[in-house]
Amino acid sequence: MATSALSPLRRHVALVGFMGAGKSTLGADLARRIGRTLVDLDDVVEQTSGRSIPELFGEGEARFRELEESAAGSLASGPPKVFVLGGGAVTSARTRSLLKAHATTVLVDADVDTCWERARGSDRPLAADETEFRRLFDERRVLYEDVADATARDTADAVLAAAGVHVERGALGRLGELVPGESEVALVSDPRVAGIHGMDAQLSLGHRLRQVHELPHGEEAKTLAALDRLWQDLRLDRTGVVAALGGGCTTDAAGFAASAYLRGVDWAAVPTSLVAQVDAAIGGKTAIDLPQGKNLVGAFHWPSRTVIDPATLETLPAEQRREGLAEVVKTGLLAGKPLWELPDDELVRRCAAFKAAVCLRDPHDHGERRMLNLGHTFAHALEAAAGYEGVTHGRAVALGLLAALRISGRDVDIVVEQLDPKPVRVDRDRAWAALGRDKKVVGGELRLVLLDDDGPRVDVPVPADDVRHALDGLIAG
Ligand SMILES: NC(=O)c1ccc[n+]([C@@H]2O[C@H](COP(=O)([O-])OP(=O)(O)OC[C@H]3O[C@@H](n4cnc5c(N)ncnc54)[C@H](O)[C@@H]3O)[C@@H](O)[C@H]2O)c1
Ligand SMILES: [Zn+2]
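What you see is a predicted model, and the numbers here were worked out from it, not measured in a lab.

A. Quick peek at the layout of surface pockets. Space inside the second largest pocket adds up to approximately 790 Å³. What lines the second largest pocket is a set of 28 residues, among which Asp149, Ala150, His166, Leu178 and Arg305 lie closest to the centre. Elements supplying a minimum of two residues to the lining of the second largest pocket: strand E4 (103-108), strand E5 (150-152), helix H8 (155-162), strand E6 (165-167), helix H9 (175-178) and helix H15 (344-361). When the residues that make up the lining of the second largest pocket are grouped by side-chain class, the tally is 10 nonpolar, seven polar and 11 charged.

In structure tokens:
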């Protein structure tokens, strides 16, 4: 049960909302962003009946609703897709229960004036009279809110919903409702985060809280010894949920613990560091370390929910924030947008949505997800050459981004301005050897992630000499 019925990877995404809210446009954009097939139920009804919607309405709304309900039956099966439902589809109790069982349902939010402006004068049968339109809007709103798991104003919101990610200032105070299901929760965090945010999390979990467990601090959490203690301490049954509250070390370790405990229980990630909110807690990779290297034992185990409260970043030490900023700049470069300029809440929302979309397209890292390694081949080499001491991952990534941009023939000003990377003092040959262990040299070339004018490209062959030259440029002395 590494993927339970609650796993976002197994669920359809269904867009609901009033006519004119923009469901079709958003649905098409979402399907493209997360690499899923788009099914517009109005189109299905027209195709199967051989009639247009106005024609069908001409025969009476009841007939149309019958066909619509029958088309919605495809929510019960098939690989996960993006469904766009007509404005009135949720009036069917059967469709509402299919949505609850099989879909992450997203309410595409728009106010009634916007909807009316878009729908008036169209051939939509229910958009003929403004007073009636407004009455129907209020009536339907209740149904949408009842069935929706999330609300979206734009594609980023919809991508996050599809990935099971909820970003909201103050969300920590609503954990009890946001962690899906009704079952008991084991709250796992590190000593520092437990001291700062643990009590809020416990209170908001309320009666669902079964137990509290502390993992050791930092990378010590990602050890077999720490997981052994956690596994022995866990008191959950198979319906239970592990909630990981903390930075990337906590989410990596607790997520992996959940993937194997009782052969896999659900988990919720509640990331509190910038690294975890924009990177570690998104995408379902969980792992612990071995003495031989980092993240060598792990599992793909997508959290049934990721709850991100950007307010928790206010207690994050400045040096930890800088760690996260390196991944933010990486994400912005990949997205081709200056995401690092945004205020915290929006920065986190947009970065998390970018990573979530890439990971939904390639959840098991077979191809394009590798773009997220921009700069990381160099970063890992520098970290290894430093013996994983003295060079933090964020600093190494900042330098790695410099090298990747230089090889891509691109301007490095943004990286310098935002991250101010200073060369590190490590042994050049040791760094080069480490890079070779990470990436084999074949025919005098290595394959790297580079950045083109149209965006990232993975597996680009680069002459080994150029890579070595770029690596040397990151090393002092
Ligand atoms: N699974 C993935 O896809 C993925 C991606 C990136 C990184 N990671 C992993 O994430 C780990 C690094 O994550 P990290 O940098 O968050 O490390 P971390 O979990 O050690 O947290 C960093 C420090 O910040 C503290 N902290 C966290 N939130 C805080 C808050 N709100 N207020 C005050 N202090 C807070 C922690 O106690 C810790 O001291 C690495 O092990 C890395 O391998 C995993
Ligand atoms: Zn990284």
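Read on for the rest.
B. Summary view of the sheet that holds strand E3 (residues 82-84). Taking strand neighbours across the sheet as the criterion, the five strands line up as E2-E3-E1-E4-E5 in an open arrangement whose pairing is parallel. The open sheet has two edge strands, strand E2 (38-40) and E5, and neither has a second partner. When strand polarity is set aside, the average angle formed by the axes of neighbouring strands in this sheet is 25°. Across three bridges, E4 lies against E5 in parallel orientation. What sits directly across from Val106, in E5, is Ala150.

C. Molecular detail of the pairing of strand E10 (residues 266-271). Burial analysis of E10 places six of its six residues in the buried class, the great majority of the element. Pairing analysis gives six bridges linking strand E9 (residues 241-246) to E10, with the strands arranged parallel. Across the sheet, residue Leu245 finds its bridge partner in E10, namely Val270. In terms of handedness, the path from E9 via helix H12 (residues 248-260) over to E10 forms a crossover that is right-handed.

D. Geometry of the environment of Leu382. Tracing the chain through its elements places Leu382 in helix H16 (residues 376-385). Separated by 14 residues in sequence, Leu382 and Ala396 place their C-alpha atoms 6.3 Å apart.

E. Broad picture of helix H2 (residues 41-49). If you check the start of H2, you find a side-chain oxygen 3.1 Å away from the backbone N of Asp42, and it comes from Asp40. Trailing H2 by a residue or two, Gly50 shows a phi angle of about 70°, which is positive.

F. Structural view of the sheet that holds strand E13 (residues 305-308). As summarised here, the arrangement of the six strands in space is E6-E13-E10-E9-E7-E8, forming an open sheet in which the pairing is parallel. Of all strands in the sheet, those bounded by a partner on one side alone are E6 and strand E8 (209-214). The sheet shows a mean angle of 20° between the axes of neighbouring strands, taken without regard to direction. Strand direction decides the pairing type here: strand E7 (residues 185-189) and E8, joined by five bridges, are parallel. Note that in E8 the partner of Val188 across the bridge is His213. Contacting E7, E8 and E9, helix H10 (residues 191-205) runs over the sheet at an angle of about 160° to E7. Its contacts with the sheet place H12 against E7, E9 and E10, and it is angled at close to 170° to E9.

Conventions adopted
- Residues numbered from 1 in each chain as written.
- Chains lettered and ligands numbered in written order.
- Predicted model: local features only at pLDDT ≥ 70, side-chain atom pairs only at ≥ 80, totals over all residues.
- Heavy atoms only, no water.
- 1 Å grid on protein atoms, 1.4 Å probe; cavity = no way out; pocket = protein on both sides within 12 Å on 5 of 7 lines; lining within 4 Å.
- Points joined across faces, edges and corners; volume = space filled by probe spheres on them.
- Helix = DSSP H or I, 4+ residues; strand = E, 2+ residues; numbered from the N terminus.
- Nonpolar A, V, L, I, M, F, W, Y, C, P; charged D, E, K, R; others polar.
- Pairing = 2+ DSSP bridges.
- Axes fitted to C-alpha atoms, helices over the stretch in contact; angles between N-to-C directions.
- Buried < 20%, exposed > 50% of the residue type's maximum accessible area, 1.4 Å probe, protein only.
- Right-handed = clockwise from strand over helix to strand, strands pointing away.
- Polar contact = N/O pair within 3.5 Å; in protein donor to acceptor, adjacent residues only side chain to side chain.
- Contact = heavy atoms within 4.5 Å.

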